[in-house]
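Survey of secondary and tertiary structure
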Amino acid sequence: MRHLLITVLCILSFSIPTIEAQNLLSENTVIPKPFEVVNRDGFFSLNSSAQIKFEDVRLRPLAHYLQDLLSPATGFDLSLRDINYVKDNPVIALAYSDEMTEEGYQIDIRKTETRIVASTNKGIFYGIQTLRHLLHESIELNDIQDQEYNIACGVIKDQPDYSYRGAMLDVARHFFKKEDVMRYVDLLALYKINTLHLHLTDDQGWRIEIKSWPNLTAHGGSTAVGGGDGGFYTQEDYRDIIQYAEKRFITIIPEIDMPGHTNSALSSYAVLNCDHKTTELYTKMRVGFSTLCTTSDSTYIFIDDVIRELAEMTPGPYIHIGGDESDATPIDEYITFIDKAQTIVNNHGKKVLGWDEIAHSKLYPNTIVQFWRKEKNALMGIEKGAKVLMSPANNAYLDMKYDANTKIGLRWAGYTDIDEAYNWSLEDFADGIDKEDIIGIEAPLWAETIVTIEDLEFLAFPRIIGIAEIGWTPTRLRQWDDYKLRLAVQGKRLTNLGVNFYHSPLVDW
Ligand code: TNX
């Protein structure tokens, strides 16, 4: 008996330090925080004989993607295998299971096998993002690291609380070239964001080629806020962006803002103005002065052409029609206009998204109201049977300054430091906007004051990471004190990815 006790103690004293040297899986560094985590003893270790196994040929592209993520920093080949793999060597396995929701996944980490299962490739992709977060942040670097890559054993079962988790980028006030948009897409995908809404047109610039109305870009796309050069996406560029995003399971939602915010179009074609005179190009920031001529047939021919060309290129289900701040459009004309615009979008096989003002109009089934400013409008939309996309400016606007010292950004909705951007929830935001009314969250980044990708990153990061967690993780599982520790680790990951993020003093980076 005594002998046995000593043996047990010996085993314990050997095993305890090993266990302590590894964090528990539940003390993970993942954002968004996963739904459920179960700990087990031991850890999975990547080494030079590790393999990536795909159990279905349809998973081969994702196996490849995973290999590309892990090879540079580890220096390992991580050879791709089908079911003929070497049983004794460490393996990361990708497999289907029909037990999970569309975006859900499960990761089972054992000493020699880490297994990611999901019902869809999207779910597997999200499992891979979580795996990334479970590995030391130097995994993001592009040269070989002197670092062990271990993951504590256990099981993660995960799925999102809301199905729409988005960011919006304004490419109209300042133009961002397609490579910049692609970089933003890559960074959004790391946090399981699944939509990117592109604000393609505004008073200061028209950024998408429309072949039947070429002057929109030739003239209307030639400038930007402050009088810079402007720019636009050819249809080929736009398709490249869509394809790039699709590979990262992000849907692009194009916005043509109307009937206000249309000076770039009004300056390109006389026929869109009620007085048949083109306006001057506009490069200042103030809004609310422009409107399409809502009583003229030409306007609806124009919109039909634009939406047709856009719908042909857009695989996603939505087209955003703007509808905000149309202060120069008489209200009765506005109501009729939004009604007609919805018909046109529906005729081209797409559903409508619009800023909360559109709730003044009749709403078509499946039209979504995007709450940005007025609760009253969102409630009116719900009353009319619409669902709401939540983007309240005070919490979700990425273009607000962090504090009085922030050099870029605006402040009309107040300063928004990262605790304020994180510490709220969709279903508790306003009385009468309940969980079943909400499709999800979107964080807009308006571009009046941002010019470079560094500016973009500075305002988006780290706030967009908190927005991603609000959309994914149920409110009861989220706390600022725990979030800020996980965010500090993400800070190192962002540094390794070269992201110019705001080092808020609220976090011990
Ligand atoms: C309001 S949000 C706007 C935009 C501005 C933004 C600046 C919305 C629907 N309209 O035109 O760029 O504020 O924060």
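Per chain, residues are indexed from 1 in the order of the written sequence. Reporting in this predicted model follows two pLDDT cut-offs: at least 70 for local features of residues, and 80 or more for side-chain atom pairs to be given and counted; totals over whole chains, interfaces and linings ignore these cut-offs and use all residues. To get the side-chain values, all heavy atoms of the structure are used, and hydrogens and water are removed first.

Attention now moves to the packing of helix α2 (residues 60-74) against helix α3 (residues 121-134). How two helices pack is summed up by the angle between their axes together with the distance between the axes. Whenever a helix is involved, its axis is fitted only over the stretch in contact; in every case the axis is a line through C-alpha atoms, and angles between N-to-C directions fall within 0 to 180 degrees. Starting at the N terminus, helices and strands are each numbered in turn, a helix being any DSSP run of H or I of at least four residues and a strand any DSSP run of E of at least two. Put simply, α2 and α3 touch, their axes get as near as 11 Å, and they point 15° apart. Regarding the angle of α2 to α3, the classification is roughly parallel. Here α2 runs over α3; the crossing is right-handed. Touching Leu 62, Tyr 65, Leu 66 and Leu 69 of α2 are Asn 121, Ile 124, Phe 125, Ile 128, Gln 129, Leu 131 and Arg 132, all from α3. Amino acids are sorted into nonpolar (Ala, Val, Leu, Ile, Met, Phe, Trp, Tyr, Cys and Pro), charged (Asp, Glu, Lys and Arg) and polar (every other residue, Gly among them). Residue classes in the contact of α2 with α3 are distributed as eight nonpolar, two polar and one charged. An angle below 35 degrees is treated as roughly parallel, one above 145 as roughly antiparallel, one from 65 to 115 as roughly perpendicular, and anything else as oblique. Handedness of a helix crossing follows the sense of rotation of the near helix relative to the far helix, less than a right angle counterclockwise being left-handed and clockwise being right-handed. By definition, residues are in contact when any of their heavy atoms lie within 4.5 Å.

With that settled, the discussion passes to the sheet that holds strand β16 (residues 387-390). Remark on secondary structure: sheet strands pair via backbone hydrogen bonds, oriented parallel or antiparallel. Strand order in the closed barrel formed by eight strands is β8-β9-β12-β13-β14-β15-β16-β17, and the pairing between neighbours is parallel. Taken pair by pair, the neighbouring strands of this sheet meet at an average axis angle of 30°, ignoring direction. The rule for pairing is simple: two strands pair if DSSP sees at least two bridges between them. With three bridges connecting them, β16 and strand β17 (residues 438-445) associate as parallel partners. Counted as the bridge partner of Val 388 is Ile 438 from β17.

On to the site of the ligand, then. Whether a residue is near a molecule or strand depends on its heavy atoms: it is near if one of them lies within 4 Å of it. In the vicinity of the ligand there are 13 residues, among which Arg 173, Tyr 397, Asp 399, Trp 412 and Glu 448 approach most closely. Any pair of N or O atoms that falls within 3.5 Å is considered a polar contact. Within protein, one atom must be able to donate a hydrogen and the other to accept it, and sequence-neighbouring residues count only if both atoms are side-chain atoms. Within the side chain of Arg 173, a nitrogen or oxygen atom sits 2.8 Å from an oxygen atom of the ligand. Here an oxygen atom of the ligand sits 2.8 Å away from a polar atom, N or O, in the side chain of Trp 412. In these tables, accessible area is a Shrake-Rupley quantity obtained with a 1.4 Å probe, and a residue counts as shielded only by the protein chains included in the view. Within the complex, the protein chains bury 96% of what would otherwise be the 360 Å² of accessible surface of the ligand.

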